[in-house]
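Structure assessment
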Amino acid sequence: MDDHLRAIKHLQVERTIRSLEKNNIEARFVETAKDVVPTVASLLKNGDRVAVGGSMTLFETGVIDLLRNGNYTFYDRYDKSLGKEGVDEVFLKSFTADAYLASANALTEHGEVYCVDGRSNRTAAMLYGPKQVILIVSWDKIVPDLVSAILRVKDIAAPANATRLKTGTYCTEKGKCMQAQCDDRHLMALPAGACEHTICSNYIVFSQQQVEGRMKVLIVGESLGY
C-alpha cells in the first residue's frame, strides 16, 4: 500500500480506537498479521479455558494454532473428531470460557462492533458468558457508520461466507444480497421468508459495554477474513 494511503488508514484506525474506548471497549492497533499471535498470547494466561467463534481471520493470523499448541484448555469447534452433538457441546462450554476469540463483520468509526450470524453461537458468547472477548479485525472492516456496516455485510461478508459454506443462497450466485439496498424501515433484516437458507439470521450491534475491558478489539493493518 502507498505510504500516503497507509497514513490515511492509520488516521481512520485512530478515530475508531478512540470511539471504541469511549464505549468501554479496549482497542489497539496491531501492525501486521504476524504480530497478532504474540499480542493474543499476552492477553491469555496459562491454563485459561478458551473458545472461538467461526472466523477465517483466526486461521489466517495463526491464532487457532496458538490455541491448539499452547498451554490452554481449548474448546476446539474445528476438531474433526466431533460430531454435531460434540460441536453443540463445545458451543455451550464456550459460555464458561475465560476467553472467547472471534472476529467481527464491521467496526464503525462511532465505536460500534457489528455482527451478523446464523446460529449465533458466536454473537451469543460475545454478548454474555466468557470473562473476556478478544476480537481480531482487519482494518478493511472499518466503516463510517452502521448503514455502511450493514451494506458491507450484504456486499462482501455474507456472499463470501455463504460461498465458503456452499449454502446455495442467492448471494452465492449473484455475489450480493437479494436486498442489497437499505431503507429506513428495514435496515438489516431480509423480507420475511425471502432467503430460505440464509446465514443472516441475527443482527447484533455492540455499543457501550457495561463491563469495562471485557471486550477487546485488535485492529490489524492488513486485509484479513471477510
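Just above, that's the structure.
I will try to describe carefully the structure that is included in this document.

Rules behind the numbers
- Residues numbered from 1 in each chain as written.
- Predicted model: local features only at pLDDT ≥ 70, side-chain atom pairs only at ≥ 80, totals over all residues.
- Heavy atoms only, no water.
- Pairing = 2+ DSSP bridges.
- Helix = DSSP H or I, 4+ residues; strand = E, 2+ residues; numbered from the N terminus.
- Axes fitted to C-alpha atoms, helices over the stretch in contact; angles between N-to-C directions.
- Buried < 20%, exposed > 50% of the residue type's maximum accessible area, 1.4 Å probe, protein only.
- Lys, Arg positive; Asp, Glu negative; His and termini not counted.
- Salt bridge = Lys/Arg side-chain N within 4 Å of Asp/Glu carboxyl O.
- Contact = heavy atoms within 4.5 Å.

Below, the discussion takes up the sheet that holds strand β4 (residues 99–102). If you walk across this open sheet you meet the 6 strands as β1-β10-β7-β4-β2-β3, and the pairing is parallel. Only two strands of the sheet have a single neighbouring strand rather than two, namely β1 (26–30) and β3 (73–75). In this sheet, adjacent strand axes meet at a mean angle of 20° when their direction is disregarded. Strand direction decides the pairing type here: strand β7 (residues 132–138) and strand β10 (residues 215–220), joined by 6 bridges, are parallel.

Below, the discussion takes up the environment of Met126. Note on placement: Met126 falls in helix α6 (residues 121–127). For Met126, a relative accessible area of 0% translates into the label buried. Each C-alpha atom, one on Met126 and one on Phe95, is 8.9 Å from the other, the two residues being 31 residues apart in sequence.

Another aspect to go through is the side chain of Lys141. Mapped onto the elements, Lys141 comes out in the loop between β7 and β8 (142–143). Notably, Lys141 is buried but unbridged: the nearest opposite-charge side chain belongs to Glu60, and the N-O separation is 7.7 Å. Excluding residues within four positions of it along the chain, Lys141 makes contact with Thr57, Ser103, Ala104, Asn105, Ala106, Leu107, Arg152, Leu224, Gly225 and Tyr226.

In this section: the sheet that holds strand β6 (residues 113–117). The 4 strands lie next to each other as β8-β5-β6-β9, forming an open sheet whose pairing is mixed. Since the sheet does not close on itself, it has two edges, and those belong to β8 and β9 (202–206), each with one partner. Pairing of β6 with β9, which is carried by 5 bridges, proceeds in the antiparallel orientation. The partner of Val113 across the bridge, within β9, is Phe206. Contacts from helix α7 (residues 146–165) reach β5 (106–108), β6, β8 and β9, with the element oriented near 35° to β6.

Along an α-helix, residues three or four apart share an orientation, since each turn contains 3.6 residues. All of the buried residues along helix α5 (residues 84–93) are Gly86, Val87, Asp88, Val90 and Phe91. Contacts from the buried residues of α5 go to β3 and α6.

What follows deals with the pattern of salt bridges. A full pass over the atoms with the stated rule returns 11 salt bridges. A salt bridge links Asp48 to Lys45; the nearest nitrogen and oxygen atoms lie 3.7 Å apart. For Glu89, the salt bridge identified is with Lys93, shortest N-O distance 3.7 Å. Taken together, the residues Glu89 and Lys93, both in helix α5 and 4 residues apart, mark about one turn of the helix. Classification of Glu89 by relative accessible area gives partly exposed; the value is 44%. Classification of Lys93 by relative accessible area gives partly exposed; the value is 37%. Each of Arg49, Asp98 and Lys131 takes part in one network of salt bridges that share partners.

Interpretation note: all reported values are geometric properties and have no functional meaning in isolation.
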